Amino acid sequence: MTVKTMREALNEALFQEMRRDPGVIVIGEDVSGGAGGSSGSRDAAGGIFGVTKGLMGEFGDKRVIDTPISESAIIGLANGAALAGMRPVAELMFADFVGVAMDQIYNQMAKFRYMFGGKAKAPIVVRMSMGAGMNAAAQHSQTIYSMLSAVPGLKVVVPSNPADAKGMLAAAIRDDDPVIFLEHKALYSSKGEVPDGEYVAPLHGASLVQSGKDATVVTLGRMVSFAAKAAAKLAGDGITVDLIDLRSTSPIDEEMILESLSLTGRLVVVDESNPVCSIASEIAAIAAEKGFASLRAPVVRVTAPHTPVPFARELERMYVPGPDRIEAAIRKAVKGE
Amino acid sequence: MTVKTMREALNEALFQEMRRDPGVIVIGEDVSGGAGGSSGSRDAAGGIFGVTKGLMGEFGDKRVIDTPISESAIIGLANGAALAGMRPVAELMFADFVGVAMDQIYNQMAKFRYMFGGKAKAPIVVRMSMGAGMNAAAQHSQTIYSMLSAVPGLKVVVPSNPADAKGMLAAAIRDDDPVIFLEHKALYSSKGEVPDGEYVAPLHGASLVQSGKDATVVTLGRMVSFAAKAAAKLAGDGITVDLIDLRSTSPIDEEMILESLSLTGRLVVVDESNPVCSIASEIAAIAAEKGFASLRAPVVRVTAPHTPVPFARELERMYVPGPDRIEAAIRKAVKGE
Amino acid sequence: MQQSRTDILKAYRQMRMIRDFEERLHIENRSGEIAGFTHLYAGQEAIAVGICEHLTDRDYISSTHRGHGHCIAKGCDPRLMMHEIYGRADGLCKGRGGSMHIADIDKGMLGANGIVGGGPPIAVGAALVCQARGDGSVAVSFGGGGSSNQGTVFEAMNMAVVLKLPKIFVFELNGYSEHTGEGYGIGSDLVGRTRGFGLPVFEADGFDYFSVHQAMADALEHVRAGKGPCALIAEATRYFGHFEGDPQNYRAKDEVKTLRETQDALLRFRRKVTEAKLIEAAELDAIDAEIAAFIEDCVASARKAPAPGVEIMLSDVYADY
Amino acid sequence: MQQSRTDILKAYRQMRMIRDFEERLHIENRSGEIAGFTHLYAGQEAIAVGICEHLTDRDYISSTHRGHGHCIAKGCDPRLMMHEIYGRADGLCKGRGGSMHIADIDKGMLGANGIVGGGPPIAVGAALVCQARGDGSVAVSFGGGGSSNQGTVFEAMNMAVVLKLPKIFVFELNGYSEHTGEGYGIGSDLVGRTRGFGLPVFEADGFDYFSVHQAMADALEHVRAGKGPCALIAEATRYFGHFEGDPQNYRAKDEVKTLRETQDALLRFRRKVTEAKLIEAAELDAIDAEIAAFIEDCVASARKAPAPGVEIMLSDVYADY
Ligand SMILES: Cc1ncc(C[n+]2csc(CCOP(=O)(O)OP(=O)(O)O)c2C)c(N)n1
Ligand SMILES: Cc1ncc(C[n+]2csc(CCOP(=O)(O)OP(=O)(O)O)c2C)c(N)n1
Ligand SMILES: [Mg+2]
Ligand SMILES: [Mg+2]
C-alpha cells in the first residue's frame, strides 16, 4: 500500500491494463496532447486532468489516440473497435459533454448485446470527470450517473477513493460490458492508500464504510467523505450510522442497503445530483418498496436543488450538499418516527 | 365537444396557435414533406405521424420548415429562434432521437434562463413521439420522460387523451419555458371528446381520473387507460382506487399525490419506462419522504423491466406493463400491510 | 468484367436473394404477418452486392434502417433473418432486434441501425481494428443520401481522415429521405462536400453491379495503399415506400415503374452477362427458381418457429448477469 | 480604411478594452481572486472587434468558452462582466453564469458557451428570425478552429445553406485546440472543407483589424444580398494558455513573445492609423489611460459588490415558478 492521489491511482490502472492486454487502447481529446504544437513535445497534456499522462511514451500513438473535438465519433470509435475485438477506454473529459455523444452511448453501446441476440460484446470504458466543486458552472459540473444508470445495458461506477479508482478502473477495462466510469473532478487530488502492483477491485457491490445502529446513510462519490464528516460529528452525540458507499449505481447493491435498513430502520440518501429521478430517488423507492417493513421513519433525501449548477463560490457551496446539511438530515431521520 | 383522435387534436392545437401568433413556427424532418419529390406535391407527409398535416398549405414554408436529418441543428434552430423572439415548435419524430440532439436540449435550452441571469426566455416546444406498442424495437420505442424530467429548466408533459393533447400543446406553445411534449405513438389514433374552438388546458397539475378508497394509483400516458381497465376489474371485487393521471412529469403534482395517499394509505405507480431512476422511482421516493405517515403498505412500482425494448410481438407485450400486471400490483398493495 | 463465372453467378444469386427476400417481405407485411417498421431495399441490390462481393468475414460493415440487403450481401443467413423479422426465438437476434437491428459480428456485420448516422462512427472504430491488424481488411459504412447531413457522419468522416483509417464511406442515393427529395437536405453537392473532407470519391451507377464492383475495387486499392479513407457514391432507387405503409405522395406514379422497366439491377445484370455470353440465361433461371423456393421455405419455417419467451426478454442485457 | 475617425477610435477603444480586461483577469486569476475556468481572448481582439463593429443590437452573435472579447465587442457592459466573473449578485448573470456563460440578449449576445460547437446551431436559429424580419440583420457564430470538427457545427452549416439564412460562420484559428495544434484535428483544409458545404469563405488576417473589418464587409454584402450564409476565417493567436493555469507544454517558449512583438493587433492598429495620419498617437494614449483606469475601477467595484444568496441560486430556473 502506498498513499497516492486518485489521479495517480487511475493512471496506474491504465498502465497496468495496457501492459497486460495489447487490445486496450485509450482514445480522446488531448489524452496525449502536443500534436502539431510548436514545442514538438508529445504527451504535452496526458489528459486535461493528467490521468493519461505518460501512456503515449510507453504505448505510442496507435494505442493512445488523440482525436478531434468530435465526441460522437470518439464514442463511435470505441464502439466499433470494441465490437471488432479491442478494449477501448474512451475519455469524454467532462461528463456534461455526453449531450453531444449520447446516441452512441445510450442507443448504441448500451443496446448492442441485447439487440444483436446476445452474440456481440461491447467491452468499453467511457471515462468522464464529473461533479461540482471547481466553480466550473452549469455545463462543466454535472453528475450524470442518474441519467445513465437508467439505461439498461450500461454499467455505471462512481469510485470515492483512490484504491477503488485503481481497482475499479482495472475491473471496468476487463469487464465485457460497457462501463461508464465517473471520476469526481474534486477528488483527483484527494489521497488514500492504494494497493501496489496489480490490483483489481470488484466492479459491483457497495461497501460499508463504517457501521452504526441509528440510521443507514447511503451515498457515493465525493459525498462519501462529506457524509463521513457528518457521521463523525454525530458520533460525539452518540448517534451512529451505517455508512454505505454505493460505488456502483448500475447495478445498485440493493441487498446491502436493505440489510442495513433492517437493522437501523432509518434511511438517509446523500446524492450530489439534482433531485428528480435521481439515484437518491431510486434508493428511496427501493426502501419504500422492498424495505418498507424495516422503515421506522420517513426516508430523507439530501441532494442538490432542482437548478443548474451555479457559478459563484457562494452559490456552488450552497448547491452542493455539505457535511452540515447531511448532519441535519441524519438528525431529522433519527428523530422522525 | 367533438370526438377526435389524439392526432387530430394535436393538429388542431397547432392550427389554433399558429393562427393566433405569427411567431409560432414548426420545424422538423418532413413536417411538410414532398420537397424535391417527383410528384411535385408539398405537404406530402405532414409529419411522419400526420400531426403537422395541412400547416404548410395555410402557413407556407417560412413557418413550416422542413429540415435535413440534423437533429442538433433542428433543436439549435429552435433555441436560437426562441432567444431571438419566436415561439418554435420543433419535432424530433421519435423521442429516441434525443441522443443526437441532447446537448442542445439539456445543456442549452434548459439552462439559458438560469445561466443568463434570468433575462433570457426560451419559449420552445419539442414534440416527440414515444413509447412502445408498435414493435418498433429498441431505438424507436423508448419513453424519455425520466431522463428529461431530471433536467432543471425543462418542463415535461405527457398527455394521455385527445383533450389534454390539444389543450396542453396550446399551453406549451404559449408557455415561456422550454416544454418537452411527449406524444405516445400508440395513442395517436385513440379517440376522445375534444373541446371545440380555442382551447388551452393547464400545463401543470395532475388530474384525478376516478376516485376510490383502497389505493392511490399514479400513472401517465398510455398507462392511464390500462390502469383504468385494471381499476374497472377490481371494482367488481369491491376494490376502488384513486386513479391519478400525472399529465406533467416536470413539475410533478406532489400535492395531489400526497393528498390522495393520505386518504388511501397505499400507493401503486405505473410507468411504462425502465425502472431505474424513473418517474415511478421519483413518486415512490416522494411517498417515502413526504407521505410516510400515510403509507400503510409497501409502495408498488409497475414498470418495464431493466432491458431495452424488444422487437417481437410476444416480447413487447410482456415488456409493456399491461392491465393484468397493474391489477395484480394493486391487489398486492391493498393486501400488503 | 474481369470476374470469374463463379463470382458472377454468386453475385447474381445474392442480388436475387435480396430481391426475393424483399418482395416477399412486402407481401408478408401487407398481410399483417410481420410486425414493426420495415424498410425495403429492393431496387438498390447492385450496391450492396457490388461492394460486399469484395469483402470477407474479416472486413466490417455497418448498415442502416434499410439493412436487409447489406446483411444478406455480407453473409448473414437469410433464413435466420426471416425468422428474426418474424420475431422468432430462433431468429438471428432471438426476436429481440427485428428488421432494424439485424447484426452478425462473426460475419463482420456490425448491425443495421435505427438511428440515421448511427453506423458510420461505429464502422470508423472497426477500421481502427483493421488498421491495427494491418492485414488489408477494411471497414465500410452504408448510408443513404439523407444520412449524409447527420453530424455524426461528418465527424466520422473527419475522424477517419485524421487517423488515416482503412474506411470506405458508402452513400446510396435513392432519391429520397423519407418523404423529401434527398437534394433538398444536402445544401451543396454531396460529391464536392465529401471531397472537402479530404475523401476521394469513387462514383458508380447504382443500378449496375459491374459499375459498383469496379468503383469498390478502386476504393479498396486506395485504402489498402494506406492512403486513408475514401467514399463511394452510387445512385439507385427504392422500389417501395420509405417504410412499408408509406403512401408515397411525394412520388410521381410512374417513377418506379419506369425505373423498374429500364434500370433494374437484375435485368441489366442478366442482359449484360448473357449478351456477353458469359452466362446462359438458363443458369440464371435456375438460380431464380432455387431462390424462390428457398424464400418460400424460409417463410414456412419462420411461421412455424417458436415465439420468444420471458427468458429471452430478460437475458443478454449484460454479459454477466 | 474608409472608416470615419469616430469609428476608428471606437474600434481601438474596444480592442484596448478587451486587452486590458483580459490582462487584468490573468492577474486576478493567478492571485486566486477569480474562481472557475477562465479562457482568455487576448491576442485575438482584431477579430471580435473587426466583425462586431459592423453589427447593431438587432444582429446576433453566439460565442464560445473564450467569450469575453466577443461579449465586449458586441456591447455587453464590461463592468457587469467583471462583476459576473467575480461571481457577484449584480453581475451580468447574477453570478450564476461566470466566464463561460455571459450573455445579454438585449444586445444580441446569445451567450458564451461551455460546449464546443454549442453556439453555431443557436446562431442559425437567430438567423431564421433575421431572415423573417427581412431588415438586413444577420447572425454570426464565433468558433475556434477545433470547434470546426464538431458535428453540431457541420450540421449548422448545412442547415444554414439549405434554408439560405443570413448567417456568418466565423472560425478563429488561434493555432491550438487545448493542447493540440489545430491542424491535427482538421483532416483536410478548413477553407476547402467549408466551401464544400456551399459556404463562400472570406479570409482575413486576424491580427489586423482592417483586414477583418473588410472581410466582414464582404461577408455582409454577400448575406444581405440574399445569397445565403458564408464563412469568415481568420488566423491569430492567443497570448495566454488554453485556460488560466495551462502550463503550455505544447508551445515553444518564444512563440507568443515573437507574435506579441511583431503581430500584436493593437500595435499594428496604432502603427497603421498614426502612420496614415488619421489619428494622433496622443489620442490613443488617452484612450489607453482612460481604459486602464476604468478596468481598475471595475475590479474595485467587483471586489466590493455583494455575493449572491440562496434566492439567486433558486430563482430563474423557470419563468413562472
Ligand atoms: C437520428 C435519426 N433521425 C431521423 C430518423 C428517421 N428516419 C429514418 S430513415 C430516414 C430517412 C433516411 O434517408 P436516407 O439516409 O436517404 O436513407 P434511405 O431511407 O433513403 O435509405 C429518417 C429521417 C432516424 N431514424 N434517426
Ligand atoms: C463538446 C466539448 N468538447 C470538448 C470540450 C473541451 N474543450 C474546451 S475548449 C476546447 C478546445 C477548443 O478549441 P478551439 O475551437 O480551437 O477554440 P480555442 O480554445 O482555441 O479558442 C476543448 C476541447 C468542450 N468544452 N466541449
Ligand atoms: Mg435516401
Ligand atoms: Mg483554437
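Just so we're clear, the structure is a prediction, and the values are computed from it rather than from any experiment. (Residues numbered from 1 in each chain as written. Chains lettered and ligands numbered in written order. Predicted model: local features only at pLDDT ≥ 70, side-chain atom pairs only at ≥ 80, totals over all residues. Heavy atoms only, no water.)

## What to know about the overall build of chain C
On a plain count of helices and strands, chain C comes out with 13 helices and 7 strands. Taken over the C-alpha trace, chain C has a radius of gyration of 19 Å; the compact-globule value for 321 residues is 20 Å, and the two agree within 12%. Looking at chain C as a whole, 67% of its 321 residues are labelled buried. In chain C, which carries 34 positive and 44 negative side-chain charges, the distance between the mean positions of the two groups comes to 1 Å. (Helix = DSSP H or I, 4+ residues; strand = E, 2+ residues; numbered from the N terminus. Rg over C-alpha atoms; globule rule 2.2 N^0.38 Å. Buried < 20%, exposed > 50% of the residue type's maximum accessible area, 1.4 Å probe, protein only. Lys, Arg positive; Asp, Glu negative; His and termini not counted. Charge placed at Lys NZ, Arg CZ, Asp CG, Glu CD.)

## Overview of the domain arrangement of chain A
All names here are of chain A. Under the domain assignment used here, chain A contains domain 1 (1-192) and domain 2 (205-333). Placing a centre on the C-alpha atoms of domain 1 and another on those of domain 2 gives a separation of 27 Å. Counting from both sides, the interface comprises 26 residues of domain 1 and, opposite them, 23 residues of domain 2. At the boundary of domain 1 with domain 2, total buried surface from both sides reaches about 1,900 Å², with 51% on carbon and sulfur atoms. For the domain 1 face of the interface with domain 2, the top three residues by lost area are N135, Y145 and V158, together amounting to 27%. Where domain 1 meets domain 2, there are 1 salt bridge. For R247, the salt bridge identified is with D164, shortest N-O distance 2.8 Å. Inspection of the region where domain 1 meets domain 2 yields 18 residue pairs in polar contact (both at pLDDT 80 or more). (Domains from an automatic or database assignment. Contact = heavy atoms within 4.5 Å. Buried area = accessible area lost by both parts, 1.4 Å probe. Salt bridge = Lys/Arg side-chain N within 4 Å of Asp/Glu carboxyl O. Polar contact = N/O pair within 3.5 Å; in protein donor to acceptor, adjacent residues only side chain to side chain.)

## Here's the deal with the UniProt feature "domain: Transketolase-like pyrimidine-binding" (unreviewed entry) in chain A
UniProt's entry tags residues 4-190 of chain A with the feature "domain: Transketolase-like pyrimidine-binding" (unreviewed entry), counted in the numbering of this structure. Across residues 4-190 of chain A, helical content stands at 34% and strand content at 18%; the span's end C-alpha atoms are separated by 8 Å. (UniProt positions renumbered as here; feature names shortened; annotations may be inferred.)

## Thoughts on the packing of aromatic side chains
A complete count under the given rule lists 31 aromatic pairs over all chains for this structure. With 5.6 Å between their ring centres and 40° between their planes, C:Y12 and C:F269 make a pair best called tilted. In this pair, C:Y12 sits in helix α1 (residues 5-30) while C:F269 sits in helix α11 (residues 265-275), placing the two residues 257 residues apart along the sequence. With a centroid separation of 5.4 Å and 45° between ring planes, the pair formed by C:F154 and D:F154 is classed as tilted. Residue C:F154 is found in helix α6 (residues 151-162), and its partner D:F154 is found in helix α6 (residues 151-162); the two belong to separate chains. Of the two residues examined, C:F154 and D:F154, each falls in the buried class. An aromatic cluster is built from A:F49, A:F94, A:F97, A:Y188 and D:F37, whose rings are joined through pairwise contacts. (Phe/Tyr/Trp six-rings, centres within 6.5 Å; stacked < 30°, edge-to-face > 60°.)

## Things to note about the site of ligand 1
Near ligand 1 you find 23 residues, and of these B:E71, C:H65, C:R66, C:G114 and C:N174 are the closest. Per-site note: the chains with residues close to ligand 1 are chains B and C. Contact distances for ligand 1 include 2.9 Å between an oxygen atom and a backbone N or O atom of C:G146. C:Y176 is positioned such that a nitrogen or oxygen atom in its backbone is 2.8 Å from an oxygen atom of ligand 1. Isolated, ligand 1 exposes 580 Å² of accessible area, and the fraction of that covered by the protein chains is 97%. (Near = heavy atom within 4 Å. Areas by Shrake-Rupley, 256 points an atom, 1.4 Å probe, with all protein chains shown as cover.)

## With respect to the coordination of the magnesium ion (ligand 4)
As a benchmark, a tetrahedral metal site with four donors has ideal angles of 109.5 degrees, while an octahedral site with six donors has ideal angles of 90 or 180 degrees. Residue and element names in this part refer to chain D. Ligation of the magnesium ion (ligand 4) by protein atoms is provided by N174 (OD1), Y176 (O) and E182 (OE), these donors lying 2.1 Å from the ion. Motif for the magnesium ion (ligand 4), donor spacing along one chain: N-x1-Y-x5-E. Judged by its relative accessible area of 7%, Y176 is buried. E182 gets classed as buried once you look at its relative accessible area, which sits at 6%. (Donors = N, O, S within 2.8 Å, 3.2 Å for Na, K, Ca; no water.)

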